[in-house]
Amino acid sequence: MIDFLVIGGGIAGLSAGARLSAHGKVTVLEAEEALGYHASGRSAALFEAAYGKPAVVALNRASADYHHTANGGYLTPRGLMLLGGSDQAESFETDVADMEMEPIPFETARAMVPILNPETVAFTAHHAQAWDIDTDRLMQDFARVIRANGGAVLTRQRVTRISRGAVWQVEAGEVFEARNIVNAAGAWADQVAGMAGVAPIGLQPYRRSMARIPAPGGHDLSGWPMLMGVGETWYAKPDAGKLIVSPADADPVEPQDAWADDMVLAEGLARYQEMVTEEVTRMESNWAGLRSFAPDRVLVLGPDPDQRDFIWCAGQGGYGFQTSPAASQLLCDLVTGAAPEIEAGVVAQLRPERLR
């Protein structure tokens, strides 16, 4: 008998499964051939503690120590730079305050990123408190904990039917019996709930597109910060000697294996291009992922109020990796009855009860 059957093998399901594996037998079911195939495998992979709604920020801050120290740490310095045009003064000030950044002179910014365009960049801000996350190692380490505690992490296990008798019965090729289901199915979480006869929470997947381009001007990008346009209208991040550029799109779509829209990518690259002096002449590859949000854009963690053995771990949006240590611990606390370390008012903003 499985104590916790986790549906979804991305960062949400693996981190939740790792925490719960200390309290019972865990099995993780992933529909695809590899773990983290969808949103988790297409993340910008940045830890930025001030990014998100207040409850998300609380999870970010509670996750920081784990990211920095667990298993030797998962973070390497990156930094974040905000760029604004001459007509964006008010929005620039808002972003600086929200993300706890420090305005810097243009020449200081250009010393860090020599391709900035002095004719179009009017406002610059920076802070060093942003890091790259080793996302693959983080996922694999959570999976390793599950296995070390006697659990299983299975791929190519697409759930086709869920029924409830004395225990849950979940069909995914074979039939798995479990005392509890953990719904960590990402964009498909409401569909999984529907199969289980549980009311949905109103999740909406949004597409986010990415393009990889060669290093601008042949520069060494290893020390460059992540660049972001005011209002998060685009961003660019060094990645393995290249630059990934996103239009920061958020187009509502149905759950799917997402693909990038060429026109949306072109518009995003144009917004990036406006702020730099090096022309984009070639796109090496492109892809898209889904960021799935609850109506209030905050994670949904804990037992369903109407079906306590159906546990939500959903609505990670773009915050899944950076919140995963604290979010998974909170979910485990709510399931086992332990006292959460996170303040009670924040916990209430994260529980599924708020959406009923």
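Along each chain, residue indices are assigned from 1 in the same order as the chain's sequence is written. Given that the model is predicted, a residue must reach a pLDDT of at least 70 before its local features are reported, and side-chain atom pairs must reach 80 or more before they are shown or counted; all residues, however, enter totals for whole chains, interfaces and linings. In computing side-chain values, all of the structure's heavy atoms are included and hydrogens and water are not.

Trainee: Would you mind going over the side chain of Thr323 with me for this structure?
Mentor: Helical segments are the DSSP runs of H or I of at least four residues, strand segments are the runs of E of at least two, and each set is numbered from the N terminus. The topology assignment puts Thr323 in helix 8 (residues 320-336). For Thr323, a relative accessible area of 1% puts it in the buried group. In contact with Thr323, not counting residues within four places along its chain, are Val56, Leu59, Asn60, Ser63 and Leu299. For the exposure calls, accessible area comes from a 1.4 Å probe over protein chains only, and a residue counts as buried if that area is under 20% of its type's maximum, exposed if over 50%, partly exposed in between. The criterion used for residue contact is that any of the two residues' heavy atoms lie within 4.5 Å.

Trainee: Explain the side chain of His127 to me, please; I cannot follow it from the model alone.
Mentor: Summarising the element assignment, His127 is placed in strand 7 (residues 123-127). A residue is classified by how much of its surface remains accessible, and His127, at 10% relative accessible area, is buried. Whenever a nitrogen or oxygen atom comes within 3.5 Å of another N or O atom, the pair is scored as a polar contact, on the condition that within protein one atom can donate a hydrogen and the other can accept it, and that pairs from neighbouring residues in sequence are kept only if both atoms are in side chains. Side-chain polar atoms of His127 contact the backbone oxygen of Glu100, separated by 3.4 Å.

Trainee: Sorry, what's going on with the nonpolar core here?
Mentor: Inside soluble globular proteins, nonpolar side chains tend to come together where they are buried. Ranked by internal contacts, the top residues of the largest apolar core, which has 50 residues, are Leu14, Leu59, Val182, Leu299, Leu301, Cys313 and Leu350. With seven residues, helix 8 is the largest single contributor of residues to this core. For Leu14, the residues in contact, after removing those within four places along its chain, are Gly8, Gly9, Val28, Leu35, Met139, Phe142, Ala143, Ile146 and Val153. Note on terminology: a nonpolar core comprises buried Ala, Val, Leu, Ile, Met, Phe, Trp, Tyr and Cys residues joined through side-chain atoms within 4.5 Å. Judged by nonpolar contacts, the second largest core, of 25 residues, contains Leu29, Ala178, Ala189 and Val192.

Trainee: So what exactly am I meant to see when it comes to the sheet that holds strand 8 (residues 130-133) here?
Mentor: Sheets are built from strands paired through backbone hydrogen bonds, the pairs being either parallel or antiparallel. Pairing between two strands is assigned when DSSP locates at least 2 bridges connecting them. Strand order in this open sheet of three strands is 3-8-4, and the pairing throughout is antiparallel. Looking at strand neighbours, the two that pair on one side only are strand 3 (46-48) and strand 4 (75-77), the edges of this open sheet. The sheet shows a mean angle of 40° between the axes of neighbouring strands, taken without regard to direction. In the sheet, strand 3 pairs with strand 8 via three bridges, with the strands oriented antiparallel. In the sheet register, Leu46 faces strand 8, and the bridge partner there is Asp132. Axes, fitted as lines to C-alpha atoms, cover a helix only where it is in contact. Angles between the N-to-C directions of the axes lie from 0 to 180 degrees.

Trainee: Just to check I follow, could you spell out the pairing of strand 1 (residues 2-7) for this structure?
Mentor: Strand residues, when the strand is regular, have side chains that alternate between the two faces of the sheet. Judged by how many residues are buried, strand 1 sits mostly within the fold: six of six residues are covered. In this structure, strand 1 lies alongside strand 12 (residues 174-183), joined through five bridges in parallel fashion. Directly across from Ile2, in strand 12, lies its bridge partner Ala178. Bridge analysis of strand 1 against strand 2 (residues 26-29) gives four bridges, and the strand direction is parallel. Along strand 2, the bridge assignment pairs Ile7 with Leu29. Seen with its strands pointing away from the viewer, a crossover is right-handed if its path from the first strand over the helix to the second goes clockwise. Note that the unit made of strand 1, helix 1 (residues 11-20) and strand 2 has a crossover that is right-handed.

Trainee: I'm lost on the state of the cysteines in this one. Help?
Mentor: Disulfides are defined in this document as cysteine sulfur pairs within 2.5 Å. Using the criterion set out here, one finds zero disulfides in the structure. With no disulfide partner, Cys313 has as its closest neighbouring cysteine sulfur the one in Cys332, 11 Å distant. Taking the relative accessible area as the measure of exposure, Cys313 reaches 4% and is therefore buried. Classification of Cys332 as buried rests on a relative accessible area of 2%.

Trainee: Is there a simple way to think about the pattern of salt bridges in this case?
Mentor: Close approach of charged atoms allows side chains of opposite charge to pair. We define a salt bridge as a contact between a side-chain nitrogen of Lys or Arg and a carboxyl oxygen of Asp or Glu at a distance within 4 Å. For the structure on display, the rule yields 20 salt bridges. Here Arg144 makes a salt bridge to Asp141, at a shortest N to O gap of 2.3 Å. Linking Arg144 with Asp141, this pair stays in helix 5 (residues 135-148), spanning three residues, or about one helical turn. Overall, Asp141 belongs to the buried group, its relative accessible area being 13%.

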